[in-house]
Structures are given as C-alpha cells and as structure tokens.
Amino acid sequence: MTPSVVTLQEVLRHHRTLSRRGREFYESLLAHGDVLAVRLDYLPGAMMWLVTTPSQARLMRKAREGRHTSDVCVMSLAEAQELFSTMGDPMPSGLYEVAAWLLAPAPEDFSTPAQHDSVDLDDPEDSASS
C-alpha cells in the first residue's frame, strides 16, 4: 500500500456504490469543513480520517459505533495540534499540514541508545591526584 491523501470529495466522486444514506452523511460532514482520508502503512487499519472540527470527529466516531473500529482512526485538527504540541513538534495549522507530517518518513532509529564514554561510578576520579 502506498501512503496517500485523498479528499472526501474525491472519495464520494469515485465511490459510486455508496448508499444514498451514506452519501448524505458524508456530504453533511463536508458542511462543517474539510475531510481528508490518509493512508498510513504504520496504522493497524492503515486509514486515518482527518477532519476540521471536533463535531465532525464525534459524528464519524458515532457512526462507527458497534462496528469493527481498529480499521479506521478519526482525528480532528484540534486533536492533531494537541498531539504535535505534546510531542514537542511544531503545531500544524491545517489538515494538509497534519497529513504531510503523518506521511513524512520516520526519523532515524532512536531505539538504540547513543554511544557515550562509559563512566565508572564505583571508582570516582580523585581530582587532587590528576
């Protein structure tokens, strides 16, 4: 799977078999702001919906109640901004910026501790004898 970003408008334009009720639901989401579908190969279900407002996120989560939910993640712009801020990263100003950060390559492997000169804590150096 190739990571990508697609607008909800594009999804609706190409998904002709979507039920009328489903189409109306997604179109009503667009009345509140932009919605992006982001494919991320590091997520269990590989799909994240980025939405502009918390009310869109709430509606999408409520619509998924009772369904297998590990295949889809929903995040509002405010939630993404809080996440990035908490991680110490610059705060994204819009959905496309959030998507770009999520699609960026992972930083170098931080799981291996950096090599440091070892210090023997059992034998402190005597500053007078040096």
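Preceding this section is the structure that the text describes.
Residues numbered from 1 in each chain as written. Predicted model: local features only at pLDDT ≥ 70, side-chain atom pairs only at ≥ 80, totals over all residues. Heavy atoms only, no water.

1. A word on the sheet that holds strand β2 (residues 35-39)
Strands belonging to one sheet form pairs held by backbone hydrogen bonds; the direction of such a pair is parallel or antiparallel.
Here is step 1: Read across the sheet, 4 strands follow the order β1-β2-β3-β4 without closing on themselves; strand pairing throughout is mixed. Of all strands in the sheet, those bounded by a partner on one side alone are β1 (4-7) and β4 (73-76). Mean inter-strand twist for the sheet, computed between neighbouring axes without regard to direction, equals 25°.
Here is step 2: Here 5 bridges tie β2 to strand β3 (residues 47-51), and the two strands are oriented antiparallel to one another. In the strand pairing of β3, Val35 is matched with Val51.
Here is step 3: Its contacts with the sheet put helix α3 (residues 54-64) on β2, β3 and β4, and the angle it makes with β4 is roughly 165°. (Pairing = 2+ DSSP bridges. Helix = DSSP H or I, 4+ residues; strand = E, 2+ residues; numbered from the N terminus. Axes fitted to C-alpha atoms, helices over the stretch in contact; angles between N-to-C directions. Contact = heavy atoms within 4.5 Å.)

2. A short note on the side chain of Thr53
Here is step 1: For Thr53, the location among the structural elements is in the loop between β3 and α3.
Here is step 2: At 3.1 Å, the side chain of Thr53 forms a polar contact with the side chain of Ser55.
Here is step 3: Ignoring anything within four residues of it in the chain, the contact list for Thr53 reads His32 and Ser76. (Polar contact = N/O pair within 3.5 Å; in protein donor to acceptor, adjacent residues only side chain to side chain.)

3. Examining the packing of helix α4 (residues 77-86) against helix α5 (residues 95-103)
Here is step 1: Viewed as axis vectors pointing N to C, α4 and α5 meet at an angle of 45°, and their least axial separation amounts to 10 Å. In this view, α4 runs oblique relative to α5, as classed from their interaxial angle. Considering the relative orientation of α4 and α5, their crossing is left-handed. Listed contacts from α5 to Leu77, Ala80 and Phe84 of α4 are Leu95, Val98, Trp101 and Leu102.
Here is step 2: Along the lines of polarity and charge, the residues of the contact of α4 with α5 split into 7 nonpolar, no polar and no charged. (Parallel < 35°, antiparallel > 145°, perpendicular 65-115°, else oblique. Left-handed = near helix turned anticlockwise from the far one by under 90°. Nonpolar A, V, L, I, M, F, W, Y, C, P; charged D, E, K, R; others polar.)

4. Section: the packing of helix α2 (residues 20-30) against α3
Here is step 1: Interaxial distance between α2 and α3 falls to 10 Å at its minimum, and their mutual angle equals 160°. Classified by the interaxial angle, the pair formed by α2 and α3 is roughly antiparallel. Pair α2 / α3 crosses with left-handed handedness. The segment α2 lies against α3, with Phe25, Tyr26 and Leu29 engaging Gln56, Leu59, Met60 and Ala63.
Here is step 2: Class assignment of the residues belonging to the contact of α2 with α3 gives a composition of 6 nonpolar, 1 polar and no charged.

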